[in-house]
Amino acid sequence: MEYVYAALILNESDEEINEDNLTDVLDAAGVDVEESRVKALVAALEDVDIDEAVSEAAAVPAAGAAAGGAAAADEAADDGGDEEETSDVPDTTDEDDDEDDEADGEGLGELFG
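Residues numbered from 1 in each chain as written. Predicted model: local features only at pLDDT ≥ 70, side-chain atom pairs only at ≥ 80, totals over all residues. Heavy atoms only, no water.

In the annotation of an unreviewed UniProt entry, the protein chain is listed under the name Large ribosomal subunit protein P1 and assigned to Natrialba magadii. Check the Sequence similarities (unreviewed entry) section of the UniProt entry for the protein chain; it says "Belongs to the eukaryotic ribosomal protein P1/P2 family." Looking at the Function (unreviewed entry) heading of the UniProt record, one finds this comment for the protein chain: "Forms part of the ribosomal stalk, playing a central role in the interaction of the ribosome with GTP-bound translation factors." (UniProt positions renumbered as here; feature names shortened; annotations may be inferred.)

Here's what the structure looks like:
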């Protein structure tokens, strides 16, 4: 990650992303620089418009959330039938337990009264 951050710093400061500049930034940050990783990153970023990539990456979560919300709304609209909704989870409620729960909590009101 340090290598990518160093490239972003260079891009933000309008410096050329090359091996020397990247190594200088990493050295200044106290990172043990591996020349092979520096060369690989510089080669990988050679034809990449970093500003465009960052703006696209920032737009993806917002678009994904909007698409997910729209899909949920469509699904809810399609479910307009009179069919009862079923669940794979068995019903484990017991109506007698409700009375026991009320009896167990009778004295709690005095604590917070």
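Now that the structure has been shown, the text picks up again.
Engineer: Describe the overall build of the protein chain, listing the residues and the values that go with them.
Structural biologist: The helix and strand tally for the protein chain stands at six helices and zero strands. Traced from its N-terminal end to its C-terminal end, the protein chain shows the element sequence α-α-α-α-α-α. For the protein chain, the proportion of its 113 residues judged to be buried stands at 12%. As displayed, the protein chain has an accessible area near 9,200 Å², and 48% of this comes from carbon and sulfur atoms. (Helix = DSSP H or I, 4+ residues; strand = E, 2+ residues; numbered from the N terminus. Buried < 20%, exposed > 50% of the residue type's maximum accessible area, 1.4 Å probe, protein only. Areas by Shrake-Rupley, 256 points an atom, 1.4 Å probe, with all protein chains shown as cover.)

Engineer: Got a sec to walk through the nonpolar core? Specific residues and values, please.
Structural biologist: By size, the foremost hydrophobic cluster in this structure holds 11 residues: Y3, A6, A7, L10, L22, V25, L26, V31, V38, L41 and V42. Elements with a minimum of two residues in this core: α1 (2-12), α2 (19-28) and α3 (35-44). Top contributing element to this core by residue count: α1, with four residues. Excluding residues within four positions of it along the chain, A6 makes contact with L22, V25 and L26. (Core = buried A, V, L, I, M, F, W, Y, C linked by side-chain atoms within 4.5 Å. Contact = heavy atoms within 4.5 Å.)

Engineer: Tell me about a nonpolar patch on the surface, and name the residues and values.
Structural biologist: There is a patch of nonpolar side chains on the surface, built from M1, V4, Y5, L8 and V54 and spanning about 470 Å² of accessible area. Among the elements that make up the nonpolar patch, the one with the highest residue count is α1 (three residues). As for its position among the elements, L8 is in helix α1. Take L8: its relative accessible area is 34%, and that puts it in the partly exposed class. (Patch = residues over 30% accessible without salt bridge, like charges linked within 9 Å, V, L, I, M, F, W, Y side chains within 5 Å. Salt bridge = Lys/Arg side-chain N within 4 Å of Asp/Glu carboxyl O.)

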